[in-house]
Amino acid sequence: MEKTKDNQLDEKAKIDDKREKMINEPVEKLVCKMAIPTIISMLVSALYNFADTFFVGKIGSNTATGAVGIVFSYMAIIQAVGCFFGHGSGNFISREIGKKNYNAASKMAATGFFSSLFTGALIGALGLIFKSQLSLLLGSTATMLNDTKAYITFILIATPFMTCSYTLNNQLRLQGNSVFAMIGLASGAVINTIFDPIFIYVLKMGVSGAALSTCVSQIISFIILLIGCQKSSNVTIRWKEFSPSKKAYKEIFVGGFPSLSRQGLASISMLLLNRFAGGYGDAAIAAFTVVTKIMNISTCAILGFGQGFQPVCGFNYGAGRIDRVKKAFWFSVKISTIALTIIAIPLWIFSPQLVQIFRDDSEVIKLGTQILRYQLISMPFLGWVIVSNMFLQNIRKVVPACIVAMARQGIVFLPLLFIMMHLFKLTGIELTQPISDIVTFIISLPFTLSALKEINKPKQKQ
């Protein structure tokens with residue numbers, strides 16, 4: 001949608017007004033203001049896979065529940081791609097708005113969006129062609145293959161809409177418009193929750209119904225987010241501003257690679273976890289699937305709080321207000337750590353009941369309770385890790401940001417998984433994630449503390 005010259009001037013005036021608020025209002029108020037809609041977005045977004053796992057679990061089959069977990073690793077890859085373009089372009093946009101470079105911000109918004117669209121379409125098309133091979137690669141067992149293929153078909157169709165949704169969500173959020181981002185994601189999640197039982201039970205589509213529900217809801221979410229980007233206080237997406245270039249993609253890479261590496265490795269780790277757990281039966285895969293959903297729901301609010309810190313960091317770093325960047329960082333770390341510690345206590349106490357909500361199977365409940373309690377031990381350390389990674393990413397400390405991002409489910413997790421599995425079998429697999437979390441916390445300390453000491457003014461050279 002194109003805008004007249006007068007409307008474009010009005011758009012710039014509103015963006016400029018927003019910039020002044022972002023660099024002058026108290027940072028504690030700003031972080032919370034940005035975080036609340038984002039937390040709601042993250043919580044409601046978690047309903048996508050929460051709903052699928054819950055309703056599919058009621059079918060009464062460990063293979064169906066496991067299939068949802070298998071495909072979730074593919075969805076994590078799609079999220080990683082969308083966030084790569086979203087964080088890469090969004091971080092640049094927030095810094096440029098902080099410097100009042102609105103034309104550069106507009107070109108980057110279009111470049112990030114259309115690049116995400118084309119990449120998602122290519123991935124989805126290739127996935128449909130090689131559906132069986134992809135299902136097996138993701139860790140499907142022979143007994144799960146039919147359910148996995150049935151579920152992944154509609155997810156592959158929705159892939160370009162999913163990548164674009166994550167890109168638009170992050171662009172909006174990093175412009176300080178987390179409310180629009182919340183509306184887009186929340187609408188899709190609510191629709192998915194409504195359609196799931198209809199497609200699964202009423203239309204008797206089983207696991208395919210859960211996937212179709214997710215597909216439809218993701219498309220609706222994409223449309224709403226795209227409409228939100230056309231609002232006058234946001235940088236508008238225009239085809240004529242699409243400016244692919246070596247410089248543009250370098251900026252996207254610098255700002256987005258930590259997200260791609262973090263979430264991409266999370267998907268690889270999930271894939272290997274499913275394959276190794278599959279050696280202990282379908283119940284083991286189902287247990288890890290359930291625990292993954294519970295942990296995602298439990299930590300997504302803190303992830304949302306950290307994402308509320310990002311636009312505050314980006315705007316103020318671009319404007320040279322380093323004192324405000326540091327103040328916002330320490331506030332976010334403190335709140336995140338306290339909240340995660342409090343959340344972990346009831347989760348530990350009611351672990352069996354939580355697992356049972358998803359899958360009422362004695363073996364799944366026993367394994368799931370043990371896996372969940374192991375992971376809760378390291379939960380309080382995640383506040384520092386999450387906020388540190390976002391801080392390093394925002395101030396363009398790309399190498400430290402990538403190391404911290406890749407450590408938790410890559411650099412540390414992957415070799416540890418092989419060692420622990422060899423030494424302690426299934427128990428070793430269960431212990432890998434909490435040990436990896438603690439080691440990642442230790443690794444992140446020197447990088448983050450050093451960066452806090454070093455930044456005195458933002459680098460102007462782009």
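The structure reproduced in this document is the subject of the present report. (Residues numbered from 1 in each chain as written. Predicted model: local features only at pLDDT ≥ 70, side-chain atom pairs only at ≥ 80, totals over all residues. Heavy atoms only, no water.)

**Observations concerning the packing of aromatic side chains**
Okay, so step 1: Counted under the stated rule, the structure contains 19 aromatic pairs.
Okay, so step 2: Judged by centre distance (5.0 Å) and plane angle (70 degrees), the ring pair of Phe-84 and Phe-85 falls under edge-to-face.
Okay, so step 3: With a relative accessible area of 12%, Phe-84 lands in the buried category.
Okay, so step 4: Measuring from centroid to centroid gives 6.3 Å for Phe-113 and Phe-222, while their planes differ by 10 degrees, and the two rings are stacked. Note that Phe-113 is positioned in helix H5 (residues 102–129) and Phe-222 in helix H10 (residues 207–228), a separation of 109 residues in sequence.
Okay, so step 5: Among the aromatic residues, those joined into a cluster by ring pairs are Phe-113, Phe-114, Phe-118, Phe-161, Phe-222, Trp-239 and Phe-242. (Phe/Tyr/Trp six-rings, centres within 6.5 Å; stacked < 30°, edge-to-face > 60°. Buried < 20%, exposed > 50% of the residue type's maximum accessible area, 1.4 Å probe, protein only. Helix = DSSP H or I, 4+ residues; strand = E, 2+ residues; numbered from the N terminus.)

**Things to note about the nonpolar core**
Taken as a class, soluble globular proteins show a tendency for nonpolar side chains to be buried jointly.
Okay, so step 1: In terms of nonpolar packing, the biggest core is built from 57 residues, with Tyr-74, Tyr-151 and Ile-155 touching the most fellow members.
Okay, so step 2: The element contributing the most residues to this core is helix H12 (residues 282–318), with 11 residues.
Okay, so step 3: Counting residues in hydrophobic clusters, the runner-up holds 56 residues, among them Phe-85, Phe-242, Phe-305 and Val-387. (Core = buried A, V, L, I, M, F, W, Y, C linked by side-chain atoms within 4.5 Å.)

**Notes on the environment of Ile-386**
Okay, so step 1: Mapped onto the secondary structure, Ile-386 falls in helix H16 (residues 382–394).
Okay, so step 2: Residue Ile-386 is classed as buried on the basis of its relative accessible area, which comes to 16%.
Okay, so step 3: Ile-386 sits 84 residues away from Ile-302 along the chain, and the two C-alpha atoms are 8.2 Å apart.
Okay, so step 4: Discounting chain neighbours no more than four positions away, the residues touching Ile-386 are Ile-302 and Leu-303. (Contact = heavy atoms within 4.5 Å.)

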